[in-house]
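If you want the building blocks of each chain, they are given just below.
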Amino acid sequence: MTAYSMHTDLFIGNEYRPAASGKRFDVTNPATEEVLARVPDGDTADVDAAVGAARACFDSDAWQKLAPRKRGAILAKAADILASRQAEFAKLETQQNGKPLFESNIDCSMAIETLRYYAGWCDKLTGETLPLDPAYFVYTLREPVGVVAAIVPWNFPLNLAMWKVAPALAAGCTVVLKPASETPLTAIALGQVMLEAGLPSGAFNVITGGGRTAGMALVRHPDVDKISFTGSTEVGKVIMREAANGVKRLTLELGGKSPNIIFADADIAAAIKGAQSGIFYGKGEVCAAGSRLLVEKSVKDQVVEQLAERAKKLTPGDPFDKATRLGAVVSRKQQETVMGYIEKGKAEGGTVVAGGNAAKVNGKGYFVEATVFDGITPEMTIAREEIFGPVLAVLPFESYEEAAKLANQSMYGLAAGIWTLDISKAHKLARAIKAGTVWVNTYNIYDPAAPFGGYKQSGFGRDLGRVALDGYMESKTVWVGL
């Protein structure tokens, strides 16, 4: 078995290198507060180098004349290499993010499956012939958009990177990946995987650095044709404004305040379990977290009581302990943000029925207890704003109509959950809710073949599925006179 050392440099043109400035910043383990590594603080000069490498590759014969099936074989080999190193990547993910190791293994498994899924698409991206005027032969070509900037957050570092990198490469684009400053290590390590798999120099590059420096330099770079971003709605708005100057193509997967709706006719035990995983999986640092629990009034007290009991047992712990189901939030800053929302929830009249406190494990780390609020009304801050932490707001409703109204009473529209044994009601409400994904009698289920993305201020465009490929391709119509 090959022994790998942890790389801590930029990956540009199939080579690891420091930032041009020589500057670095610390990557910290949020569970122990220990420094894991120091990585390059990339800036405009480094972005120029990475985009230049991506552009040179895109224009080269090595890329343009690479048969799609061979490109697919390279991606499939990368998936095999990543699978062989899954334990290493999962450990690194837990160290930099603070999530339990079992969650990191799930994330890595999906990253591998996503890469395999898109490897299979490489030789199936066809155009069509159009039966128009007999005097012409008319057909369409599907062509890669060019150089893609993939900018990803810190909650699912490797998995969300693959949601963008895999379809972009499958479509024939070249990529510059910019991971979050808190969690760059698996992105850097991915460079070695792509190199070993045989991607041509410059097809895949990794830049580390701040969002305001490296991130904005990527967004503004004239040789970047497409930006695919997952992150907050506020940053997404900034990227839209900047991208307008170059009329760059955009895919934006932004914030969420997703409703998880429990009707009285649901399997209540299953719904409570689903509500728990819907908000506390990933420490609540999940774009689609079911952070608004809407419960029919007749069963609300029962649901709140049992959910509070479960939350109290979900104690923060060492992410490497097999029994741990609630790890550390990603940073001290995020812990302070989450605690600020908890205090605001109390101040505005909410009642904490479980959790509500910051915590440490072995005297260290940025942990927050699994927190459940009752007595929440729609206008309260914690019912409106994305917290991105293990905090659940419970709101009652009395009718189907009120449930639908509350579900859509948000600027966001990323996801939703419905718990009912009335399948007709479930289908009807799934159509009524303005969200990109609706789960019925389940929550937080994903597959590489199932598109994911948002309505309203949760963004536009889609990751995953066949439809994601459209975001990395242009359509060209060719008319031939006969």
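Throughout what follows, the structure given in this document is the object of discussion.

How each quantity is defined
- Counting restarts for each chain: residues are numbered from 1 in the order of the written sequence.
- Local features in this predicted model are restricted to residues whose pLDDT is 70 or higher, and side-chain atom pairs enter the listing and the counts only when it is 80 or higher, whereas totals over whole chains, interfaces and linings include all residues.
- The basis for every side-chain value is the complete set of non-hydrogen atoms in the structure, without hydrogens or water.
- Working definition: helices are DSSP H or I runs of at least four residues, strands are E runs of at least two. Numbering for both runs from the N terminus.
- Exposed residues in this analysis have more than 50% of their type's maximum accessible area, buried residues have under 20%, and partly exposed residues fall in between, with area computed by a 1.4 Å probe over protein chains only.
- For two strands to be treated as a pair, DSSP must find no fewer than two bridges joining them.
- The convention used is that axes are lines fitted to C-alpha atoms, helices contributing only their stretch in contact, and that angles between N-to-C directions extend from 0 to 180 degrees.
- Contact between two residues is taken to exist if any of their heavy atoms lie within 4.5 Å; hydrogens are not considered.
- Nonpolar cores are built from buried Ala, Val, Leu, Ile, Met, Phe, Trp, Tyr and Cys residues. Side-chain atoms within 4.5 Å join them into one set.

Quick look at unusual backbone geometry
You will see that Glu33, though not glycine, has its phi angle at about 65°, which is positive. Topologically, Glu33 is positioned in the loop between strand S3 (24-28) and strand S4 (35-40). Assessed through its relative accessible area of 28%, Glu33 is described here as partly exposed. If you check the backbone angles, Asn441 has positive phi at about 55° while not being a glycine. Along the polypeptide, Asn441 turns up in the loop between strand S21 (437-440) and strand S22 (455-456).

Description of the sheet that holds strand S24 (residues 473-481)
With antiparallel pairing, three strands are arranged side by side in an open sheet as S5-S6-S24. For this open sheet the edge positions go to strand S5 (129-130) and S24, each flanked by a neighbour on one side alone. Summarising the sheet, strand S6 (residues 136-144) and S24 pair through nine bridges and their orientation is antiparallel. Note on S24: the bridge partner recorded for Tyr136 is Gly481.

What to know about the sheet that holds strand S18 (residues 391-397)
Strand order in this open sheet of seven strands is S14-S17-S18-S13-S12-S20-S21, and the pairing throughout is mixed. Each having just a single partner strand, strand S14 (351-354) and S21 make up the two edges of the open sheet. Here the average twist between neighbouring strands, direction ignored, is 25°. With five bridges joining them, strand S13 (residues 292-296) and S18 adopt parallel strand pairing. By the bridge assignment for S18, Arg292 is matched with Ala393. This element, helix H12 (residues 332-347), spans S14, strand S17 (371-374) and S18 of the sheet and lies at about 25° to S17.

A look at the nonpolar core
Of all hydrophobic cores here, the largest spans 101 residues; its most connected members are Leu177, Phe204, Ile262 and Leu293. Here this core takes 10 residues from helix H6 (residues 157-170), the largest share from any one element. Those residues within four positions of Ile262 in sequence are excluded, and the remaining contacts are Ile268, Ala271, Leu293, Leu294, Val295, Glu296, Val303, Phe397 and Trp419. Counting residues in each nonpolar core, the second largest holds 31 residues, with Leu294, Val368, Phe373 and Ala403 among its members.

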